[in-house]
Amino acid sequence: QVQLTESGGGLVQAGDSLSLSCAVSERFLNAYAMAWFRQAPGKEREFVGVVSRGGGTTEYHDSVKGRVTISRDNTKTTAFLQINSQKPEDTAVYCCAGGGAVSSAVRHYTYWGRGTQVTVSS
């Protein structure tokens, strides 16, 4: 069984920074790209960003470029999402996912976490 477990969500004020972690139960996920998606109430799931399996390549959605950093530490089998200068519109459930390509498309991701809630107050 493969499990991805997000942590670090919570309530923050606009302008603050927050770091999320995604711990993976199986080491073979180190060979997969790791992405973050989010879904706000009443909205469609949105791609946030992705990091390649080695950590050397990242891609981000235009809406968060300049404010987020995705990284990974394969020795810990963990991916990270750093969100700076948070805005109320960042409020969402954030999920991590492992897949076979550095892509924004959901179809490329096989393994999914259950998500962690991030709430940004104005």
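Before any of the text, the structure's been laid out above.
Here goes a summary of the coordinates provided.

Procedures and definitions
- Residues numbered from 1 in each chain as written.
- Predicted model: local features only at pLDDT ≥ 70, side-chain atom pairs only at ≥ 80, totals over all residues.
- Heavy atoms only, no water.
- Core = buried A, V, L, I, M, F, W, Y, C linked by side-chain atoms within 4.5 Å.
- Buried < 20%, exposed > 50% of the residue type's maximum accessible area, 1.4 Å probe, protein only.
- Helix = DSSP H or I, 4+ residues; strand = E, 2+ residues; numbered from the N terminus.
- Contact = heavy atoms within 4.5 Å.
- Disulfide = S-S within 2.5 Å.
- 1 Å grid on protein atoms, 1.4 Å probe; cavity = no way out; pocket = protein on both sides within 12 Å on 5 of 7 lines; lining within 4 Å.
- Points joined across faces, edges and corners; volume = space filled by probe spheres on them.

**Considerations on the nonpolar core**
In this structure, Leu20, Cys22, Met34, Trp36, Leu81 and Tyr94 are the most contacted members of the largest nonpolar core, which totals 24 residues. At the level of elements, strand 3 (18-24), strand 4 (33-39), strand 5 (46-51), strand 7 (68-73), strand 8 (78-83), strand 9 (92-99) and strand 11 (116-121) are the ones that each hand at least two residues to this core. Among the elements that line this core, the one with the most residues is strand 3, at four residues. Here tyrosine 94 is in contact with Glu6, Leu20, Trp36, Phe37, Arg38, Val48, Leu81, Ile83, Gly115, Thr116 and Val118, once residues within four sequence places are set aside. By size, the runner-up hydrophobic cluster in this structure holds seven residues, among which are Ala33, Phe37, Val50 and Tyr109.

**Digging into the state of the cysteines**
Inspection of the entire model under this criterion finds one disulfide. Residue cysteine 22 pairs covalently with cysteine 96 via a disulfide, S to S 2.0 Å. On the sign convention where negative is left-handed, the bridge of cysteine 22 and cysteine 96, at about 60 degrees about the S-S bond, is right-handed. Of this pair, cysteine 22 sits in strand 3 while cysteine 96 sits in strand 9, and the two are 74 residues apart along the sequence. No disulfide involves cysteine 95; its sulfur sits 7.4 Å from that of cysteine 96, the nearest cysteine.

**Re empty space enclosed by the protein**
A water-sized probe, rolled over the atoms, reveals where empty space remains. Scanning all chains against the criterion turns up one cavity of 30 Å³ or more. Its boundaries defined by the atoms lining it, the largest cavity holds a volume of some 50 Å³. Surrounding the largest cavity, Val24, Leu29, Asn30, Met34, Arg72, Asn74, Thr77, Thr78 and Ala79 form its lining.

Remember that the coordinates give geometry; whether it matters functionally is a separate question.
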